[in-house]
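Structural description and commentary
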Amino acid sequence: MKATATAHPIQGLVKYHGIRDPELRTPYHDSISLCTAPSNSTTTVAFEPERPEDEYVIDGEHIDGRGAERIRTVVDHVRERADLDERVRVASENNFPSNVGFGSSASGFAALAMALVEAAGLDLSRPEISTIARRGSTSAARAVTGGFSDLRAGSNDADCRSKRLDVPFEDDVRIVGAVIPAYKETEEAHAEAEDSHMFEGRLAHVHEQLADMRDALGRGDFERSFEIAEHDTLSLAATTMTGPSGWVYWQPESLEVFETVRALRDDGVPVYFSGDTGASIYVNTTAEYVDRVESAIETLGIETLTWRVGGPARVRDPEKALF
């Protein structure tokens with residue numbers, strides 16, 4: 001039993017912060033994101049009766065420690081649902097930089113969950129598969145359903161699952177990724193989220209922000225949608241920076257991008273910045289202005305990646321397998 005799947009990474013628009021249940025990785029509040037394509041993670045999974053133990057390889061590197069624990073959590077859940085006792089071989093590859101704030105854990109665990117479900121012979125919808133991916137990375141739930149997706153908070157799999165949103169301007173969105181290499185760890189920041197004196201303040205206002213975002217996306221209001229995403233980026237940073245470890249992810253180049261975006265907007269360009277837990281920055285604009293925006297970021301000496309909104313995780317043909 002073998003299968004291969006591909007998923008796109010996510011850009012958080014209204015981002016979750018903090019994990020209520022570490023085992024299920026259920027968040028304290030809802031979150032909304034979009035997927036960025038053509039960047040993707042491709043994962044092949046095979047259940048092998050003669051294999052003595054699981055094997056996990058990402059970008060050619062054997063994974064152990066905490067990384068292996070997170071993968072095993074997803075694998076074991078699928079084994080239990082499918083009533084399987086076979087060991088697995090997992091190989092995954094990313095075609096974009098990882099650990100720089102571009103959502104590689106989301107696409108990786110989404111592709112893993114999709115491939116596992118297919119290889120195990122389970123018949124599940126994408127929202128159902130999103131609950132499996134969530135056990136590895138909360139954001140992976142939204143990478144399963146793709147496009148603009150909404151993950152509802154909850155205490156169980158019936159409530160905490162992702163669904164795709166219908167957004168009228170989806171095809172016109174372009175995202176310029178400002179690649180600012182600075183290794184980051186998201187899990188530690190989530191673990192200490194509650195210890196920030198700003199956390200309760202974020203919880204108090206994020207529900208209104210989520211409601212405003214759903215309204216703006218549903219109405220097809222590009223400017224308002226990404227204005228909210230920009231403000232949410234600053235709110236998230238305030239919370240992470242005021243935790244016990246004082247996480248400061250931004251680099252000087254990140255701030256240069258912010259100022260460049262604001263200057264472009266003052267000049268009439270519909271453009272907004274956004275960032276997750278990392279130094280790299282998303283710059284959101286439209287197809288009409290993407291070349292101008294990309295040029296402005298590259299003028300800073302910063303490498304760029306340009307994306308459109310990507311679709312849901314999907315199973316690939318057998319010839320696309322990694323082994």
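As shown above, the structure is provided for reference.
Residues numbered from 1 in each chain as written. Predicted model: local features only at pLDDT ≥ 70, side-chain atom pairs only at ≥ 80, totals over all residues. Heavy atoms only, no water.

**With respect to the sheet that holds strand β7 (residues 55–58)**
Across the sheet, six strands lie side by side as β8-β7-β9-β6-β1-β16; this open sheet has mixed pairing. Each end of this open sheet is capped by a strand with a single partner; those strands are β8 (61–62) and β16 (314–315). In this structure, strand β1 (residues 2–7) lies alongside β16, joined through two bridges in antiparallel fashion. Paired with Thr-6 across the two strands is Arg-314, which belongs to β16. Those strands touched by helix α1 (residues 65–82) are β6 (41–48), β7 and β9 (87–94), and its axis lies near 125° from that of β7. (Pairing = 2+ DSSP bridges. Helix = DSSP H or I, 4+ residues; strand = E, 2+ residues; numbered from the N terminus. Contact = heavy atoms within 4.5 Å. Axes fitted to C-alpha atoms, helices over the stretch in contact; angles between N-to-C directions.)

**What to know about helix α2 (residues 104–120)**
If you check α2, its first and last C-alpha atoms are 24 Å apart, about what 17 residues at 1.5 Å a residue would give, namely 24 Å. Of all the 17 residues making up α2, 15 are buried; the element is thus mostly covered by neighbouring parts of the structure. Of the residues one or two after α2, Gly-121 is the one with positive phi, at around 75°. (Expected span 1.5 Å × (residues − 1). Buried < 20%, exposed > 50% of the residue type's maximum accessible area, 1.4 Å probe, protein only.)

**Looking at the environment of Asp-159**
If you trace the backbone, Asp-159 turns up in the loop between β10 (148–151) and β11 (162–165). For Asp-159, a relative accessible area of 42% gives the class partly exposed. When the C-alpha positions of Asp-159 and Thr-26 are compared, they lie 9.9 Å apart, and in sequence the two are 133 residues distant.

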